[in-house]
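Commentary on secondary and tertiary structure
One-letter residues, chain by chain:
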Amino acid sequence: MKLFRRRPSLPAGLRPPLGPEERVVAWCTVAESPEDVVVATNHGLWLPSAVERLGWHEIHKAAWSGRELRITPAEVAEERDGYTVLVDGPVMSFLLLEPGELPDQVRARVTRSVAYTTHHPLPEGAVRVVGRRVSGRNGLSWAVRYDSGTPVEQPEVTEATDDLVGVARSATEAVD
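Residues numbered from 1 in each chain as written. Predicted model: local features only at pLDDT ≥ 70, side-chain atom pairs only at ≥ 80, totals over all residues. Heavy atoms only, no water.

**A short note on the nonpolar core**
Val38, Leu45, Leu96, Leu102 and Val106 are the most contacted members of the largest nonpolar core, which has 17 residues in total. Residue assignment for this core shows that the elements contributing at least two residues are β1 (24–30), β2 (33–41), β6 (68–80) and α1 (102–113). Apart from the residues within four sequence positions on either side, valine 38 is in contact with Ala26, Trp27, Cys28, Val30, Leu45, Trp46, Leu47, Pro48, Leu69, Phe94, Leu96 and Leu102. Tyr116, Val129, Tyr146 and Leu164 belong to the second-largest nonpolar core, a separate cluster that totals 14 residues. (Core = buried A, V, L, I, M, F, W, Y, C linked by side-chain atoms within 4.5 Å. Buried < 20%, exposed > 50% of the residue type's maximum accessible area, 1.4 Å probe, protein only. Helix = DSSP H or I, 4+ residues; strand = E, 2+ residues; numbered from the N terminus. Contact = heavy atoms within 4.5 Å.)

Encoded structure:
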């Protein structure tokens, strides 16, 4: 009777250049190209042909269809004082026929990186304020993502956003 089936270790030739405190938690080959792998570590996600990892805090969305892992990375649109304005990057899809624990690890780690999130209406449009944990760093990384159609360049939108991020930072610092 088999209770557990342990997945073999990631072959050395497929291992990405891990950081000093980084360790592999799950991995899977990509169906279209068995020499390509998706590797989840305690610090983030290594995607096929990537030269650096995508940190858990840098993933806007991760979806699992049962066969396909879809990753939507965050891209920096603007750096502001104390926070970053993010937009969705291009969606990347990977067909995984033997995913093992990879989808669960991705979901759990992306979710765990979010320490604070709120959605607020603005004078025009709306914004989501997010405080995320970053592996190997104390405190939260603050970012905002505007709803489609929000006039982000308008001074009153920027000022309202600055205030919302300030309130969020104060609320979370009081809890620490």
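The discussion continues.
**Considerations on the pairing of strand β10 (residues 126–133)**
Looking along a regular strand, one sees the side chains alternate between the two faces of the sheet. Along β10, 6 of the 8 residues are buried, which leaves the element largely enclosed by surrounding structure. Across 7 bridges, the pairing between strand β9 (residues 114–121) and β10 is antiparallel. If you follow threonine 118 over to β10, its bridge partner there is valine 129. If you look at the hairpin formed by β9 and β10, you'll find 4 residues sitting between the two strands, and glycine 125 has a positive phi there, around 85°. Judged from the 7 bridges that link them, β10 and strand β11 (residues 140–146) form a sheet pairing that is antiparallel. By the bridge assignment, arginine 128 is partnered in β11 with arginine 145. Between β10 and β11, which pair antiparallel one after the other, the connecting turn spans 6 residues, and glycine 136 there sits at a positive phi close to 80°. (Pairing = 2+ DSSP bridges.)

**Examining a negative patch on the surface**
There is a patch of like negative charges on the surface, built from Asp81, Glu124, Glu156, Glu159, Asp162 and Asp163. Residue placement: aspartate 81 occurs in the loop between β6 and β7 (83–88). (Patch = residues over 30% accessible without salt bridge, like charges linked within 9 Å, V, L, I, M, F, W, Y side chains within 5 Å. Areas by Shrake-Rupley, 256 points an atom, 1.4 Å probe, with all protein chains shown as cover. Salt bridge = Lys/Arg side-chain N within 4 Å of Asp/Glu carboxyl O. Lys, Arg positive; Asp, Glu negative; His and termini not counted. Charge placed at Lys NZ, Arg CZ, Asp CG, Glu CD.)

**Overview of α1**
Between its first and last C-alpha, α1 extends 16 Å over 12 residues, near the 16 Å set by a 1.5 Å rise per residue. Residues Leu102, Pro103, Gln105, Val106, Arg109, Val110 and Ser113 constitute the buried set of α1. An end-on view of α1 places all buried positions within 160° of arc, on one side of the element. Turned more than 90 degrees away from the buried face of α1, the exposed residues are Arg107 and Thr111. (Expected span 1.5 Å × (residues − 1). Arc of directions from axis to C-beta.)

**Let's talk about the sheet that holds strand β4 (residues 54–55)**
Overall, antiparallel pairing links the 4 strands, which are arranged β1-β2-β3-β4 in an open sheet. Each of the sheet's edge strands pairs with one partner strand only, and the pair in question is β1 and β4. In terms of strand pairing, strand β3 (residues 44–46) meets β4 through 2 bridges, oriented antiparallel. Bridge assignment links leucine 45 to a residue of β4, and that residue is leucine 54. Contacts between α1 and the sheet are confined to β1, β2 and β3, with β1 contributing the most and set at about 130° to the helix. (Axes fitted to C-alpha atoms, helices over the stretch in contact; angles between N-to-C directions.)

**Focus on the side chain of histidine 43**
Inspection of the secondary structure puts histidine 43 in the loop between β2 and β3. Assessed through its relative accessible area of 17%, histidine 43 is described here as buried. Side-chain polar atoms of histidine 43 contact the side chain of asparagine 42, separated by 3.3 Å. Setting aside its immediate chain neighbours within four residues, histidine 43 contacts Glu21, Glu22, Arg53, Gly55, Trp56 and Ser135. (Polar contact = N/O pair within 3.5 Å; in protein donor to acceptor, adjacent residues only side chain to side chain.)

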